[in-house]
Amino acid sequence: MLQSNIIEKCRQNNRIAQLQLYKQYCDGMYIIAMRFMKDSMEAEDIVQEAFIKAFSKLDQFKAEVTFGAWLKRIVINKCIDCLKSKKQHLQELEEVHLKVVDSNYENEWLVDDTITLEEVKDAIQRLPDKYQYVVMLYLMEGYDHQEISEILNISEIASRTQLSRGKSKLKALLTPIKNGTRS
């Protein structure tokens, strides 16, 4: 059955179509929620709430993006809302203190070959929240600065600056320790 047919049936409250769509996306959305929540029960709750919201707001889905991309945005927004409500909210930077970051920093993003993916993920979790969310949305979820600014309710300049600073901190965390010092 075509994706558009399944979505149309979901709009008509067809439970079988809703279950089919749920099964298709639940695992991927859970992985995304876990990147943010770090607690399996909270991540499961977020995914459930995201599906409930998606099914109730299907009339707003215009197929300008894939259903998966639309649902992913709902999951990420729910995660961030949950984190904010738990007092782990983002500290907004004063616009005055931000500097526009030069785009050449992309070429400097290299880490030692011995660093594993798990070490990178662990290092990202150790970043301050204001950097962690931007780094995760940019590097792991593939959002651009415009999308990140909308999701986190910050300016694009703040997104670029937080990404740059987050990458710098991440790079420092990932520099292998040799003879008791980082090289």
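From a predicted model like this one, the values you see are computed outputs, not experimental measurements.

Rules used in this analysis
Residues numbered from 1 in each chain as written. Predicted model: local features only at pLDDT ≥ 70, side-chain atom pairs only at ≥ 80, totals over all residues. Heavy atoms only, no water. Salt bridge = Lys/Arg side-chain N within 4 Å of Asp/Glu carboxyl O. Helix = DSSP H or I, 4+ residues; strand = E, 2+ residues; numbered from the N terminus. Phe/Tyr/Trp six-rings, centres within 6.5 Å; stacked < 30°, edge-to-face > 60°. Buried < 20%, exposed > 50% of the residue type's maximum accessible area, 1.4 Å probe, protein only. pLDDT = per-residue confidence, 0-100.

One side chain can pair with another of opposite charge once the charged atoms of both are near each other. Tallying each qualifying case throughout the model produces six salt bridges. In this structure, the salt-bridge partner of R35 is E141, at a minimum N-O distance of 2.4 Å. Highlighted residues: R35 in helix α2 (residues 15-37) and E141 in the loop between α6 (129-140) and α7 (145-152), separated in sequence by 106 residues. For K121, the salt bridge identified is with E118, shortest N-O distance 4.0 Å. Taken together, the residues K121 and E118, both in helix α5 (residues 117-125) and three residues apart, mark about one turn of the helix. A single salt-bridge network, built from bridges that share partners, covers R35, K72 and E141.

Here the focus is the packing of aromatic side chains. Evaluation of the coordinates by the stated rule reveals seven aromatic pairs. An angle of 25° between the planes, with centres 6.2 Å apart, marks the rings of F36 and Y133 as stacked. With F36 in helix α2 and Y133 in helix α6, the pair connects residues that are 97 residues apart, well separated along the chain. Summarising the burial analysis for this pair, F36 and Y133 share the class buried. Linked through ring pairs, Y25, F61, F67 and W70 together constitute an aromatic cluster.

As a further point, take the confidence of the model for the chain. Within the chain, residue pLDDT values average 81, and 80% of them lie at 70 or more. Across the chain, helix α3 (residues 40-56) holds the top mean pLDDT of 94, while strand β2 (residues 181-182) sits lowest at 51.

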